[in-house]
Amino acid sequence: MRYFIGLLFFLSTIIAQVTDKNFKDETGDGVSVIVFTSEWQEQDLDEDILKGVKGYQDARIITVKSEDAKKVAKKLRLRNFPSIALFHDGSKQEVWKGDMDGEVDCSASDIKKAIDEIFAGDVF
């Protein structure tokens, strides 16, 4: 049952097939939390991380297959999957890379904090 719920959540996060060609268009407006996945990844991302972030400050969750966006993954220096990247209006803000075991060292609160920092702006 947990697998089925996780699969439904995963499918609900997919907005469009994101590729190297349309990556800038898909991430160009607002806050986007990009989850990079791969067919060969050893472990799935903890779904609680995404549940805690989805909709926060109007953040969109976009799942990208690394095979479809090889240039983007290379530019972000992603080698292990899953990995997470935070973009705001098309600009990279933060990247949390998966380790060799497929663990991403971040939580929903880490991502929310990074989103809050985007909107805090420069006070001077």
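A brief structural summary. Just so it is clear, the model here is predicted, and its values are computed rather than measured.

The rules behind the values
- Residues numbered from 1 in each chain as written.
- Predicted model: local features only at pLDDT ≥ 70, side-chain atom pairs only at ≥ 80, totals over all residues.
- Heavy atoms only, no water.
- Phe/Tyr/Trp six-rings, centres within 6.5 Å; stacked < 30°, edge-to-face > 60°.
- Lys NZ or Arg CZ within 6 Å of the ring centre and 35° of its normal.
- Helix = DSSP H or I, 4+ residues; strand = E, 2+ residues; numbered from the N terminus.
- Polar contact = N/O pair within 3.5 Å; in protein donor to acceptor, adjacent residues only side chain to side chain.
- Contact = heavy atoms within 4.5 Å.

Let us look at the packing of aromatic side chains. Here the structure, examined in full by the defined rule, presents 2 aromatic pairs. Members of the aromatic cluster, each reached through a chain of ring pairs, are Phe 23, Phe 36 and Phe 87. The cationic tip of Lys 112 hangs over the ring face of Tyr 56; the distance from NZ or CZ to the ring centre is 5.2 Å.

Time to look at the side chain of Ser 83. Along the chain, the position of Ser 83 falls in strand 3 (residues 83-88). Within the local environment of Ser 83, its side chain forms a polar contact with the backbone oxygen of Asn 80, the two atoms lying 2.7 Å apart. There is a polar contact of 2.9 Å between the side chain of Ser 83 and the backbone nitrogen of Gly 98. Setting aside residues no more than four positions away along its own chain, Ser 83 makes contact with Ile 34, Val 35, Phe 36, Leu 78, Trp 96, Lys 97, Gly 98 and Val 104.

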